[in-house]
Structures are given as structure tokens and as C-alpha cells.
Amino acid sequence: MSIIVENITKYYGSYQALTNINLEIESGELIALLGPSGSGKTSLLRIIAGLEQAENGNILFNEENYTHKHVKDRNVGFVFQHYALFRNMTIFDNIAYGLKVRPRKIRPSKKEIEQKVIELLQLVKLEGYKERYPSQLSGGQRQRVALARALAVEPNILLLDEPFGALDAKVRKELRRWLRRLHDEFNVTSVFVTHDQEEAMDVADRVVIMNEGKIEQVGTPEEVYDHPINPFVYDFLGSVNLFKGNVQQGKLVSGNVEMNAPDSEDGVSTGYVRAHNFIIEREASGNDSIASNIDHIHSLGAIVRIEVIRQDTNEPLEIELTKEQYTLLELKKGERVFVRPKELRVFVDYMAGI
Amino acid sequence: MEQDHTVVAKTNGPVIMTKNATKEPKLIQWILISIVLLFLTLFLVVPLIAIFVKAFEKGADAYLAAIAHPDSLAAIKLTLIVVLITVPLNAVFGVVAAWTITKYDFRGKNFLITLIDLPFSVSPVIAGLIFVLLFGLHGALGTVLQSLGLKVIFSIPGIVIASIFITFPFIARELIPLMQSQGTSEEEASLTLGAGGFKTFWYVTLPNIKWGLLYGVILCNARTIGEFGAVSVVSGHIRGMTNTMPLHIEILYNEYQFSAAFAVASMMSIFAIITLIIKSIIEWKTDFKSTKAS
């Protein structure tokens, strides 16, 4: 089922949580709403679910206007950050709930409900837990129950609000893989909210990056990572180094360094370089070589993080090398090196003149 | 406190340092406990014993006769009628008020909470007077009621209204913090699963608040039985007609029928003790549930 979000605007009192949001989600897609806290991503999800009403705009499911439809009639599965399991019911009753409360005409028989619940329990690998209460389960198990409960009513749309936010790192990773599998298996359209960029990039077909109640960019994980359209997206995804300076005749001048920026307009600008887009050398090889001192080396796992301090501006830079590159260079703390950006993206500072 | 002990017992190694900072020396503990016990004996246990001693002063026969007296029976019956009307109404009101305050966001919410607390701060006698002024013969609504042939003041409806006024905060006050701490996410989950408002309330909200509700009902019940001030003003003290148990006790006492007065008082004390026992059971139950949950 496709979802169309049309011109959605939402206020909380005088605070504008969402401003003219437009978004099209195709049937069967898995979409991540990604943004810092307060960016409006949860509000948007709750408006799609019908748990909240927007002041303005429309929500369309399969091109049918659902804006004023009640939550209970939207047939969406909703998974809450803090699980929201019914504490007074067993796991079995939690999962069966959506089927049990159906009007008698469309309610499955007791036997069918039981069979369905057992199937779902197997799917979430909690067969042995059906008589337990939510309080007797771990966080990861509870969230699996919450997912099974949402899937029991066979929703067309699955909405997840920071589903793994309250879980520890290992369980998170496991569950998000598993969410991807369930999404494909159940043939639903899914939207999940997260502030964890790694999680969004890892699972989603497309990522919607939000900030201050607006959508900054929509695209596949590769698109938004490799071609961020503005400084916010650049800054938000992955670790990035900023070079504040001036563009003159296709060169960004920052401190004592000149970097090529052929397509940029002249003026006050900021250059953005990802941590893994640097070359470290012992000798200067051009105007864009930045003389720096190595301040810190964190060598853990396959990636080695190196913090250097620029000699001209005393600003720190964060650089990531692979273990091989690092071993070849034989870098030592305190050593003087030259750092050269491989890939630079320049954005004009519109705010600079103000 | 008990949990602290188990933690200490379980930790191996040096436990010398785990002395609880909030624990006083033994001597102070004993002094404080003695003060509390002495106080309770003096102001609670002794009077309670005195009631029963006084009640049985003239023997069990006199005791039974005092209670079986038509006026006493009428007072007991009236009290029960008032309880049966007041408590269910206030239970409904309490749930509705708590639901409104905790599940919706609206302007003037704090003002509403203050209003609910009003009966706690207004003297019961004044509350009674308000209703006399409102519904009495010369009151604002009195003439209208009289032309309709309805009598509120100096009859059962007045007593019920006064009791409702005095006891309505009990249940709402019990439920509001409980429902606030539980939040609305379970209700939201229920709605997204296709359940309507009533089913959500019945299957999700009500089971979650049932112990708190019962606790509130018991407090409300105890207060309704015991309410004197407001009821005294509106009842008119018509013997065998508009006397509740506390009013009846007062009349008997004023007529120097001490053992009869204490006999009825002992009945009320028994009600109170039963209520206390039920309350403790509920507290123990909820405590058990919450420790199981955590």
C-alpha cells in the first residue's frame, strides 16, 4: 500500500513541529525517517498512523484520502519505542488482542486465532513464552512481541517509532536485520523512525532526512551519503571535517591551505570532507597539503581513527584509515604529517553575511 | 528496606562499608518506634477498646437490643442506602475525571484538579450549608423543587448529595497519579490494533487501574459511612427517617443512652476495621504485583 503525505503542517501550541511536509512512499518500501531529536520525525509517523491530527494537509493510502479516518480503521501496525505491551495480559493475549477485539462478523474463530498466534510466536522465536507476562521478558523479547502483535492484524502499513532505541547495541543489530526480513516476508510498506544513521543506512530502501520540521533530503542510503545536498545532511551522516574559508576563483582558501573547488561560487564558504577521504603523507605534495601533528590514535578493529591538529589554525581533524594503510605508514603519536583531502564538497555559507 | 538487606546478604567480599546511610543507630530507632507505638495506643487502641467496653457495659442483651431498636436499624439501613448510591456514582465520576485529566491535553487542567480537591479544603459544615441554601425552602432552587413536589433538604436526596460532594475526590485522587504514571501508550497500541474507545477502556485501562480503583472505592466508602458534618446540616435529624449512623449515635449520646450510643458506634468501628483489613489486603496485593513486575 502506497503512502502519500501532502503538505502536512503540525503545531504544538505555538511551536511548529512540521512545516509543509511532502513525501511519497511506494508500496512495499522500507523507509527510514532519520533526524536529530526534535526534528519532527515521530510527529510525522504518528500523523501517518492517525494517532495525531495535522493542522493542514492530507494523508493518502493507495491514493485514497485517509486524513480524517480514525486510527482504528486505518489498519496500520504500530510499534512503540517502549513496547507498550499490555501489562495485564500474557504474551499470547497480547498478540491475540487485535484479532479478539474485532467485531463479531469479521472475527476469526478461537481456534484460528490460536493458530495465528502460535505461528507468530514461532516467527519471533518466543514459542515457550506465551504464558508469561511482559514484565518477565527482556527488552529485545518485548519488542519482538510488540512486532508480532502489530503483524497479527495483517496490516498494510507497518509504522515503527524508534523501535530499537531502548535496546543494547548487540540486540539492536540483530533485530534490525530481522525487521528487514519480516518486512520482505510480510509484503508490507514500512516506515520507521530513528536517530541512528547507521541503523537507517543499514536497513532502509530509502532514507528521509529531517531537521527542524522539514525534510532535508530523500534518497537511497548511497545517494544521501555520497551526494548530500546540503551542509546539514553532510554533517548529520557520518563524521565529517569542516574547513571554514573563502572561495576565490575556484579555490577554497582556509588557513594556509588552498583546495580545489572548481564549481563553487566565490564567497564565504565551508568545505566538507569525510573522515575516510584523507591521504596522510610525510611530505607536502601541493597547496592542499595541510601540515598537522598527530594528537591521538585510536586503533580498534578494522578502522583506525586518527586525530590530528592543524598547524595553521590549531583546529582538530578526524581521519579514518584502514588498518593496512595505517600499518604501512607506521604513524606515531606527536609526529608531524601532511594531510590531503581526497574529496571535498563546498557549500556557500548563506548565513555568513547575516 | 528489605531489599537493601538482601543485597547486602548477597554481595560477597567486604560488606563492612555497605552500612546504609539512612539508618540511624539502634537506640534512636527504638526511641522513635516507642513514641509511635505509645501515640497509637493512646489515641487509637485505647479509645477503640473503650467503645466496645462501654457498648457491652450493660451486657450482651442490652447491646443487641440497642442495635435491634427500630431507630438504630433505620439508621444502619439509611447509611447503607447512601453508600450504595454514593460510592458507585463517585466511582464513575472518579474514573471519568481521572481519564479526562490524564489522557487529554487541554487548557485549565490544573484548575480542574484544584476543583476536584475542593471538598478536602472546604469544611463539611459549610458544604452542608451550601446545599441548604441551594435546595432549601427559601433557597435558589428550593421553590422550583417544591413546585415539582420534590424534597431534597431534610430527606434522603439531600444526604446523598452532601455525601457525594464530600467523598468525590477520593477515587479521582487515587486514580490520577496512577494513570499519569501509566501514560497513554497502551491505549494507543489498542487503538492501532483496531479496538474502539470502549473496548480499549474495558480491556486495557480498567485492568490496569483496578487495584487503585478498589482502593479509592474503599476510602470513599469509609468516608461516606462516617461523614457527619455535611450530612448533619442537611438531614434535619428526623429519627428513624433521616438519621445516618453517626447522627443516630450523637442523638443517643445526647439523650444519655450511653451504652446504646456506644453499641451503634461499635458497629461503625467494625465496619471501619473490616475496611482497614480489605485495604491492607489490596495494598499487599498491589505490592506483590509491582515487585513481581520489577
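Here the residue numbering is sequential within each chain, running from 1 through the sequence in written order. Chain letters start at A and ligand numbers start at 1, both assigned in the order the entries are written. Local features in a predicted model are, by the rule used here, given only for residues with pLDDT of at least 70; side-chain atom pairs are given and counted only at 80 or more, and totals for whole chains, interfaces and linings are based on all residues. Excluding hydrogens and water, the side-chain figures rest on all heavy atoms present in the structure.

Draft legend 1. Layout of the overall build of chain B. Starting at the N terminus, helices and strands are each numbered in turn, a helix being any DSSP run of H or I of at least four residues and a strand any DSSP run of E of at least two. Within chain B, the regular secondary structure consists of 13 helices and 0 strands. Secondary structure elements of chain B occur, N-terminal to C-terminal, as α-α-α-α-α-α-α-α-α-α-α-α-α. Only protein chains enter the accessibility calculation, which uses a 1.4 Å probe; a residue is then buried when its area is under 20% of its type maximum, exposed when over 50%, and partly exposed in between. Residues classed as buried in chain B amount to 37% of the 294 residues present. Throughout, a contact is declared for two residues whenever any of their heavy atoms are within 4.5 Å. Long-range pairs, those at least 24 residues apart, make up 71% of the contacts in chain B with a sequence separation of at least 6. Shrake-Rupley sampling with a 1.4 Å probe provides the accessible areas, and residues are treated as covered by the protein chains on show and by no other component. Carbon and sulfur atoms make up 72% of the accessible area of chain B, which amounts to about 17100 Å² in all.

Draft legend 2. Summary view of the overall build of chain A. Broken down by element type, chain A carries 9 helices and 20 strands. Restricting the contact set of chain A to residue pairs at least 6 apart, pairs at least 24 apart contribute 65%. We count Lys and Arg on the positive side and Asp and Glu on the negative side, and we leave His and both chain ends out. By convention, the point assigned to a charge is CZ for Arg, NZ for Lys, CD for Glu and CG for Asp. Looking at chain A, you have 43 positive and 51 negative side-chain charges, and the mean spots of the two groups are 10 Å apart.

Draft legend 3. Representation of the interface of chain B and chain A. At the interface, 20 residues of chain B touch 23 residues of chain A. The term buried area denotes the loss of accessible surface (1.4 Å probe radius) that occurs when two parts are joined, taken as the sum for both partners. Summed over both partners, the interface of chain B with chain A buries about 1900 Å², with 59% contributed by carbon and sulfur atoms. Among the residues of chain B in contact with chain A, B:Glu186, B:Thr192 and B:Leu193 are the three that bury the most area, contributing 35% of the side total. Within this document, salt bridges are pairs made up of a side-chain nitrogen of Lys or Arg and a carboxyl oxygen of Asp or Glu, the two lying within 4 Å of each other. Where chain B meets chain A, there are 2 salt bridges. With its nearest N and O atoms 2.7 Å apart, the salt bridge here joins A:Arg87 to B:Glu186. Throughout this description, a polar contact denotes any pair of N or O atoms lying within 3.5 Å of each other; where both atoms belong to protein, one of them has to be capable of donating a hydrogen while the other can accept it, and for residues adjacent in sequence the pair is counted only when both atoms sit in side chains. The interface formed by chain B and chain A holds 4 residue pairs in polar contact (both at pLDDT 80 or more) in total. Elements represented by at least two residues in the side of chain B that touches chain A include exactly helix H9 (185-192), helix H10 (197-226) and helix H13 (258-293) of chain B. Sorting elements by how many residues they give to the side of chain B that touches chain A places H9(B) first, with 7 residues. Each residue gets one label: Ala, Val, Leu, Ile, Met, Phe, Trp, Tyr, Cys and Pro are nonpolar, Asp, Glu, Lys and Arg are charged, and the others, such as Gly, are polar. In terms of residue class, the side of chain B that touches chain A is made up of 8 nonpolar, 8 polar and 4 charged.

Draft legend 4. Representation of the sheet that holds strand S16 (residues 290-300) of chain A. Residues and elements named next belong to chain A. DSSP-based pairing: two strands are paired if at least 2 bridges between them are found. With respect to topology, 5 strands assemble into an open sheet ordered S15-S19-S16-S17-S18, the strand pairing being antiparallel. Strands at the two margins of the open sheet, each flanked by one partner only, are strand S15 (278-281) and strand S18 (316-322). Pairs of neighbouring strands in the sheet enclose a mean axial angle of 45 degrees, with direction left out of account. Pairing geometry for S16 and strand S19 (residues 336-341), over 4 bridges, is antiparallel. The residue bridging Ile290 from the neighbouring strand is Val339, located in S19. Every angle, taken between N-to-C directions, lies between 0 and 180 degrees, and every axis is a line fitted to C-alpha atoms, over only the stretch in contact when it is a helix.

Draft legend 5. Fine view of the sheet that holds strand S5 (residues 64-65) of chain A. All names here are of chain A. Taken together, 4 strands build an open sheet; the order of strands is S2-S1-S4-S5 and the sheet is antiparallel. The strands lining the two open edges of the sheet, one partner per strand, are strand S2 (15-25) and S5. Note: strand S4 (residues 56-61) against S5, 2 bridges, orientation antiparallel. Bridge pairing in S5 places Leu60 opposite Asn65. Most of the contacts of helix H1 (residues 41-49) go to strand S1 (residues 3-12), to which it runs at about 120 degrees, and overall it touches S1, S2 and S4.

Draft legend 6. Quick look at the side chain of B:Ser232. For B:Ser232, the position within the fold is in helix H11 (residues 229-235). When its relative accessible area of 17% is taken as the criterion, B:Ser232 is described as buried.

Draft legend 7. A look at helix H6 (residues 124-135) of chain B. All names here are of chain B. Multiplying 1.5 Å by the helix residue count minus one yields the expected span of that helix. Over its 12 residues, H6 extends 16 Å from the first C-alpha to the last, a length consistent with the 16 Å expected when each residue adds 1.5 Å. Every buried residue of H6 is accounted for by Ala127, Gly128, Phe131 and Phe135. Down the axis of H6, the smallest arc covering the buried residues is 100 degrees, so these residues share one side. The inward-facing, buried residues of H6 contact helix H7 (142-147), helix H8 (156-182) and H11. Each C-beta atom gives one direction from the helix axis, and the arc is the one those directions make.

Draft legend 8. Spatial organisation of helix H5 (residues 109-121) of chain B. All names here are of chain B. Taking 1.5 Å per residue as the helical rise, H5 with its 13 residues ought to reach 18 Å, and the 19 Å between its terminal C-alpha atoms agrees with that figure. The term bend refers to the angle at a residue between two fitted axes, each drawn through seven residues, those ending there and those starting there. Along H5, the largest kink reaches about 25 degrees and is centred on Leu115; proline Pro119 follows within four residues of it. Along H5, the residues classified as buried are Lys109, Ile113, Ile116 and Pro119. Turning to H5, the residues buried within the fold contact helix H4 (70-103) and H8.

Draft legend 9. Structural detail: the pairing of strand S10 (residues 214-219) of chain A. All names here are of chain A. As judged from the 5 bridges shared by strand S9 (residues 206-211) and S10, these two strands associate in the antiparallel manner. Bridge assignment links Ile209 to a residue of S10, and that residue is Gln217. Between the end of S9 and the start of S10, which pair antiparallel, lie 2 residues, with Glu212 showing a positive phi angle near 45 degrees.

Draft legend 10. Just the packing of aromatic side chains, in detail. Under the pairing criterion, centres of Phe, Tyr and Trp rings, with the six-membered ring standing for Trp, must be within 6.5 Å; the plane angle then separates stacked pairs below 30 degrees from edge-to-face pairs above 60, leaving the rest tilted. If you walk through the whole model with that rule in mind, you get 20 aromatic pairs over all chains. Taken together, a centroid distance of 6.2 Å and an interplanar angle of 75 degrees make the contact between A:Tyr234 and A:Phe347 edge-to-face. Linking A:Tyr234 in helix H8 (residues 231-236) with A:Phe347 in strand S20 (residues 345-348), this pair joins segments that are 113 residues apart in sequence. Accessibility classification places A:Tyr234 together with A:Phe347 in one group, the buried group. Between B:Tyr256 and B:Phe258 the ring centres are 6.1 Å apart and the planes differ by 90 degrees, which places this aromatic pair in the edge-to-face class.

Draft legend 11. Quick look at the pattern of salt bridges. All names here are of chain A. Counting across every chain of the model gives 26 salt bridges over all chains. Between Lys116 and Glu154 there is a salt bridge, and its shortest N-O distance comes to 2.5 Å. Here Lys116, found in helix H3 (residues 110-123), pairs with Glu154, found in the loop between helix H4 (139-152) and strand S7 (157-161); they are 38 residues apart in sequence, far enough to count as distant. For Asp205, the salt bridge goes to Arg180, with nearest N and O atoms at 2.9 Å. Linking Asp205 in the loop between helix H6 (197-203) and S9 with Arg180 in helix H5 (residues 169-186), this pair joins segments that are 25 residues apart in sequence. Looking at Arg180, the relative accessible area reads 22%, which means it is partly exposed. Because the salt bridges share partners, they merge into one network encompassing Lys173, Arg176, Arg177, Glu198 and Asp202.

Draft legend 12. The side chain of A:Arg274, seen in detail. All names here are of chain A. In this structure, Arg274 sits in strand S14 (residues 267-274). Salt bridges are absent for the buried Arg274, whose nearest opposite-charge side chain, Asp226, sits at 6.0 Å. Within the structure, Arg274 has its side chain in polar contact with the backbone oxygen of Leu237 (distance 2.5 Å). Not counting the four nearest positions on each side in its chain, Arg274 is found in contact with Tyr225, Pro228, Tyr234, Leu237, Gly238, Ser239, Val240 and Asn241.

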